[in-house]
Amino acid sequence: MATLFEGFTLCGLVQTQSASDSAIQGIELDGDSDHAVVTDSTRAVTLYKVSDQKPLGSWTVKQGQLLTCPAVFNFQTNEYVVVSDNKVIRVWKEEDLHLDKAFKATVSADVWRVHSAPGGEPVVLFQRGAVRLLDSLLSAPQQPIEDILSEEEKEVIRWSTNIVAEKQHFVLFTTEQKGEHFLYVQRLNPNTLQKYRLEREDSRAPPLSFSASLRDKHINLLYLYPNGCVYQSVVAVQGPVGLEGVQALPRSLRLRLPVGEGELGAASAVALDEAHVAVVGMPHPSARTGKDFLCIWNTNFQTLQADKEMVGRICGQVGILRIVWCYLGKLFVPHGKALSVIPYECQKSSLASALGKLRHPGIAVSKSSVAIPSWNTLLHGDQPQGPTKIVDSRKSVLTVVHLQPFQTGPVEEVRREVEALVSRGDAQDLQLSVGRLACQLVARSQVETAFYAPGALARLVKTQCLCHSMCPDLLLLALEHKDYFLCQLCLQLFPDIPEVVTCACLKTFIGNEVLQTPYSDNLLVPHLKDLNAPQVILFLQYLQFIYLKYSQDVYTQTPVLRSPTMTQIIDWVCLLLDAHFTVLVMAPDAKGLLSNLQSFVKSQVKLFSELGKIEGSLQELHKMKPSKDISQYSIEVIELF
Amino acid sequence: MGEFKVHRVRFFDYMPTAIRAMAFNAHTERLALARMDGSVEIFNFTDHYFQEKVIPGKDSRSTESLCWVGGRLFSAGLNGEITEYDLENLRPKYSLEAYGGPIWTIISNTQGTQLAIGCEDGTVKLFEVLEEHIQFERNLDRQKGRIISLSWHPSGTHIAAGMMDMIRVFDVPTGHAVQRLLVDRGFGGSKSQETVVWSVAFLSDHTVVSGDSAGKVQVWDGHTGTLVKTHLVTKWDVLALSVSKDESSVVAGTSEGTVIQFQFIAPTLHQQQDKEWVRTRTFKNHTHDVRALAEIETAIVSGGMDTHLVVRPLLEKFDEKSHASGLRKIHFPHRNLVSCAKKAGLLLFQFPGQLELWRLGDSDGHGKPGDRLPLKRKPEKLLLLKRKGEDHICCSALSSCGGWLAYSTVSCVRIYRLQTDNNNISITKVSKLPKALRSAHQLCFSSDSSKMFAASSQSSVLVIALTQSECKYVHTLKPKSGSRQPIHLMTTSVDGKWLAAANSDCEIRVYNLQKLKLHCIVPVYGSCPSAMGIHPTTNNMTVVHADQQLFEYSIVEKQYTDWSRKLQKQGLHNVWLDRDTPVTHVTFNPKNPNQVVLHDMHMFCIIDQSLPLPDQKTQFYNQMTLRSLSEQERPSHLHAFKICKTFQDLLCVSLLDDQSLVVVERPLLAITSQLPAPVRQKKFAT
């Protein structure tokens, strides 16, 4: 899960002449994690203390001069670097008051950007594609700068960044030439340059934004097109050295964002971690158009995880390709008249947290139906076909279901209609119609207290095209009507039941099914606290009973679909104890139970410590194995005692 | 005890050859084993599987099959000859051309009066076994196609013969073939290939068991010629069969390296009458073809392409875990193939076809224990001496000064004078050798290199005097009575006064070289000596036997020393006694008279006679413990046997005069890597 927290305004923005132009050229970090160096679009560089929303210093160039690249911080010398009027590199320290008096050097070619990152020396990227380390450039500013990109071909840089890996330093930049887009990966020390051609999007539109990150020794490039497609390309850090010419850069579709009518104007996507992407400048899938949102999407599961409306237009500038910055858990978004800082949090995205914990593998596989993307294919990095289609169908496919009987007909007729629908529909359409239908029926039940169609609902749930989020009231309705059969069915088949509902079920009945429901620890514990002491004790006793039952025949245990696993039981015991420990300690009738639990925890701990010892010994044994390669002859010294 | 500089030598490319055939003599409990190079080895199964005799091979001899008749050993091979061996002189006694083309197999009847051979030309030839010879008797009906395998019915009246695609049963008195058993071919592609019946076994109840190249073990009724049962055991060949003495069990060796046991048992407890041949156990101790098999009373003995001999005890025949119930693998010969010139720092490696002389490297560095020292000079192969003639080298020796080198085959002895100055080496063959010196079982030089001793026939030892220019026969030390068995160990004292010689009848004779006569006979112990050495200062002789017993005998006083008596009284430690390879070399530390160095395949041991002997409760392998103890604690934990297992697969451990150890290793992995690829077996996911 990802969360967007309450944001704050770092500074106001001066409205520029054109509404579409961004007032901000760049936001960079300096040595202090709470600082942000903001370069506006004209003459000023301001250093802010982010948490205080307070400027610490500001530097401007003279009237008539123009900052042409965002200021960066040289982490090695603790100096700031900026370029004015394309050719003049200025270097100053925080205590310097006037930029004019600071060190400056004029170089022989136009600079595109200066890039800096912790752990690496700043690099200067020239507009014609050449790259120099700042130090070596400043030692001989007038050194000739070669052209990598040819002037005649009109190849221009659109976006650039740098990445410092453990021992390697990369400058990445993308260029546009006659409607084609290229990615250049410049490795420093030793210097190699590799050129890749980006696949052309059908609409021939240029990418709106790029974002690059380093993960597992691969550079992941994420880019967004106006039609809402977010692609990812992967470039190996240990690249194909020595390959000449332009390589095609394969891409994979990570996300297809709903763009509403038309195409996106200015939007930007930035990768937060391997599973989450923050997108600004696109409409919310369910809100009116005309409003801009900041959204966090989970690319693995194609789900919208968090969103926030940004007041005023997102300031963007086509061509600069950057309207959102992301540093250290904060998103910096210039919009309207302000630069907002929005802290966010992305929990490690895994199958367990997205789907909840410890789903029985057998079930997980059996559920790879249309409603839920096939986890296997997703996890193996295939193209997320399923979810894309969902998004598509949501927009385009209009179902041909006649809703009339469901809105007024009696229970029996509804059941028959549902049966007919389910048996006729093909999987794609079914999914949409089933969801709608379920919502309809639930809504009707909520209005008409006399109407409740358990058979029809059960049939719909059984199609496995339904999940909790599609029709959140269904399970609660079933609970209300004490329809345990439907509850159990939902618990079995829904992958996304919220913890609060799980707990609600728990209060009403204890079953196998509840234990197997997916959950996230820290979200479940608060809800578990709602249980009262007798309920907890009863539940613990039940857990202990099945634990003991399992421990007796642990070797003969065959994976039964509907039975919780050992780990699930233990996890639940832990959670319950976490939530209610103080209460249980006080309750006299829980004493025996607790001491029993303690004894099996003890035995487990002992077992694990013994296993740990064995592991240690085995590792030692492994080390003892002679690693020396023994040659044909050697003279060695031994000692006998 | 202290630090030692160790020359760790791995450049002796010793390569044993594959085992081709074996025959077990249940009466004497000797196993005869033939290798591909024509050599024959005799193992004494009553004496810890000690390899007591080796008959060297010959280029033209190829042994396909071995057969005992009483105490006499016969072989036959693809050269078309039958050979009887002289087990006292370790050489073929005679060879006889059988005139039937290559011979595939040789068997004898149970009475030991007749031999039968199977020939390439399709004949089974019978020979009469005479006192000193064998004589051709007659042919059985000649068949089309070669006779690959034979088995004689215990009554002597019938012979079963395995051929191509069929088995014939002959009536021996008439010589007619009375049954023809057709053997199916393999499936699929091998359908077009003839099936070779590699092995047959004829049981008392006229059951014939066959093993063939289609991977089948088949049981036939020899009376009616009908097939009773087929066991498909491998995709490859079943190469060898062996029947237990009571005929209740048959073992089959396959190309996959497995040995499969079949037992004649009733499938259910209630019907004890209806017994049948049931496949019971599979043993996998080989990586390659199992070419030779013998099921003996308590074990299955197997050998094949992967060159090592495996004795796999049948655990149901043992009541308790004991020395005999452990699996034995015999990789290395139980004798020395390496001679070490202690003064000169030279090593002589003996191969069947050549000798290699190496000079050890040198290092002037010093290092901590565990260090590897930088080499100042690399080891150097000084000489490669190829033998003349067809006979393989049976023994060799290098004088301790490095000035003399000698080797012997069954037909000749050669002595060479070596001169090394700086980097040049010159070798001169000593041209005129005494007539008496025709062949030797063992050779050794006196420590001052003035004499050479050659173990000759009937346990006699020839004394040869060596001078710069010539070598002269001096004397023959001949036992007046006692055993005529060949001498397999010989050693001299440093002072040149004593010579000890041990033969495979376990006798150790000590000769006085000054008086050139027998000094004494060491009390005969029941197990064969596997190594012995005479102490340079005390002239006490240390003898280690195949059963791991250790004695120290004072030559001067003609009695066991006090230390030896103490050791015998207390008993050797069980860990020592349970080792499964014999000690093959004993040497001494000239600087420390208390130290005796000896080694087997898996360890070397320095015995410090000044330290207390370990009792059964003492931790025997205690080097690791001692290392971890402090200087003060150590003395209370010391005992006399200091064992180092750092070096493995040892062919030789010796102590040079400069106090550095020489360790010659031949890693089994290196041997395995030189074997041909085993048959392809489908493994999971390949």
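Residues numbered from 1 in each chain as written. Chains lettered and ligands numbered in written order. Predicted model: local features only at pLDDT ≥ 70, side-chain atom pairs only at ≥ 80, totals over all residues. Heavy atoms only, no water.

Peer 1: Any chance you could explain the overall build of chain A here in plain terms?
Peer 2: For chain A, the count of helices and strands is 17 helices and 30 strands. Buried residues in chain A amount to 50% of all 641 residues. Put simply, 54% of the contacts in chain A that link residues at least 6 apart link residues at least 24 apart. Accessible surface, chain A: about 30,300 Å² in total, of which carbon and sulfur atoms supply 55%. (Helix = DSSP H or I, 4+ residues; strand = E, 2+ residues; numbered from the N terminus. Buried < 20%, exposed > 50% of the residue type's maximum accessible area, 1.4 Å probe, protein only. Contact = heavy atoms within 4.5 Å. Areas by Shrake-Rupley, 256 points an atom, 1.4 Å probe, with all protein chains shown as cover.)

Peer 1: Explain the sheet that holds strand β48 (residues 540–545) of chain B here, please?
Peer 2: Strand pairing in a sheet takes place through backbone hydrogen bonds and is either antiparallel or parallel in direction. All names here are of chain B. Here 4 strands make up an open sheet; going across it, the order is β47-β48-β49-β50 and the pairing antiparallel. Both outer strands of the open sheet, β47 (529–534) and β50 (559–560), are each paired with one neighbouring strand and no more. Note that β48 and strand β49 (residues 550–554) share 5 bridges and pair antiparallel. Residue Val544 lies in a different strand from β49, and its bridge partner there is Leu550. Contacts from helix α1 (residues 562–570) reach β49 and β50 within the one sheet, and its direction differs from that of β49 by about 155°. (Pairing = 2+ DSSP bridges. Axes fitted to C-alpha atoms, helices over the stretch in contact; angles between N-to-C directions.)

Peer 1: Is there a simple way to explain the interface of chain A and chain B in this structure?
Peer 2: Taken residue by residue, the interface counts 14 residues in chain A and 35 residues in chain B. For the pairing of chain A and chain B, the buried interface totals around 2,500 Å² over both sides, and the portion due to carbon and sulfur atoms is 58%. In terms of surface lost to chain B, no three residues of chain A exceed Tyr633, Leu640 and Phe641 of chain A, which account for 36% of the buried area on that side. Where chain A packs against chain B, one counts 1 salt bridge. The salt bridge partner of Arg8 of chain B is Glu636 of chain A, with a shortest N-O separation of 3.2 Å. Across the contact surface, chain A and chain B share 14 residue pairs in polar contact (both at pLDDT 80 or more). Of the residues contributing to the side of chain A that touches chain B, the split by class is 7 nonpolar, 3 polar and 4 charged. (Buried area = accessible area lost by both parts, 1.4 Å probe. Salt bridge = Lys/Arg side-chain N within 4 Å of Asp/Glu carboxyl O. Polar contact = N/O pair within 3.5 Å; in protein donor to acceptor, adjacent residues only side chain to side chain. Nonpolar A, V, L, I, M, F, W, Y, C, P; charged D, E, K, R; others polar.)

Peer 1: Looking at this structure, how should I read a nonpolar patch on the surface?
Peer 2: Taken together, the side chains of Leu607, Phe608, Leu611, Ile614, Leu618, Leu621 and Met624 of chain A together with Met624 of chain B define a hydrophobic patch exposed on the protein surface, amounting to about 860 Å² of accessible area. A total of 7 residues in the nonpolar patch trace back to one element, the largest contributor, which is helix α17 (residues 591–624) of chain A. The residue Ile614 of chain A is located in helix α17 in this model. Taking relative accessible area as the criterion, Ile614 of chain A reaches 45% and is therefore assigned partly exposed. (Patch = residues over 30% accessible without salt bridge, like charges linked within 9 Å, V, L, I, M, F, W, Y side chains within 5 Å.)

Peer 1: For this particular structure, what's the right way to read empty space enclosed by the protein?
Peer 2: All names here are of chain B. Applying the stated rule across the entire model yields 12 cavities of 30 Å³ or more. Considering only enclosed or pocket space, the largest cavity measures out at about 160 Å³ in volume. Considering the residues around the largest cavity, the lining is formed by 17 residues, among which Phe332, Pro333, His334, Thr581 and Met601 are closest to the centre. When contributions to the lining of the largest cavity are tallied by element, the ones reaching two or more residues are β29 (328–330) and β55 (650–655). When residues of the lining of the largest cavity are assigned to their parent elements, the largest contribution, 3 residues, is made by β29. Residue composition of the lining of the largest cavity, by class: 7 nonpolar, 5 polar and 5 charged. Residue-level mapping places the lining of the largest cavity at the junction of two domains, with at least three residues from each of domain 1 (1–15 + 515–685) and domain 3 (251–317 + 325–330). Of the volumes computed, that of the second largest cavity is approximately 80 Å³. (1 Å grid on protein atoms, 1.4 Å probe; cavity = no way out; pocket = protein on both sides within 12 Å on 5 of 7 lines; lining within 4 Å. Points joined across faces, edges and corners; volume = space filled by probe spheres on them. Domains from an automatic or database assignment.)

Peer 1: What should I look at first to understand the packing of aromatic side chains in this one?
Peer 2: Any aromatic ring pair is given by two values, namely how distant the centres are and how the planes are angled relative to each other. This structure, assessed with the given rule, holds 32 aromatic pairs over all chains. Measuring from ring centre to ring centre gives 5.6 Å for Tyr225 of chain A and Tyr231 of chain A, while their planes differ by 80°; the resulting arrangement is edge-to-face. Among the aromatic residues, those joined into a ring-pair cluster are Tyr633 of chain A together with Phe11, Phe12, Tyr14, Phe332, Phe349, Phe351 and Trp358 of chain B. Stacked on the ring of Tyr231 of chain A, the Lys or Arg Arg251 of chain A has its end atom at 3.7 Å from the ring centre. Sitting over the face of the ring of Trp576 of chain B, Arg579 of chain B holds its NZ or CZ atom 3.9 Å from the ring centroid. (Phe/Tyr/Trp six-rings, centres within 6.5 Å; stacked < 30°, edge-to-face > 60°. Lys NZ or Arg CZ within 6 Å of the ring centre and 35° of its normal.)

Peer 1: What is the right way to read the pairing of strand β3 (residues 30–35) of chain B from this model?
Peer 2: Look at any regular strand and the pattern is simple: side chains alternate between the two faces of the sheet. Residues and elements named next belong to chain B. In terms of burial, β3 is a largely internal element, 5 of the 6 residues being buried. Two elements, strand β2 (residues 19–25) and β3, share 6 bridges in a ladder whose sense is antiparallel. Bridging from a neighbouring strand, Phe24 pairs with Leu31 of β3. Hairpin connection from β2 to β3: 4 residues lie between these consecutive antiparallel strands, with Glu29 at a positive phi of about 55°. Direction of pairing for β3 relative to strand β4 (residues 40–44): antiparallel, over a ladder of 5 bridges. Each residue of the ladder has a partner; that of Arg30, found in β4, is Asn44.

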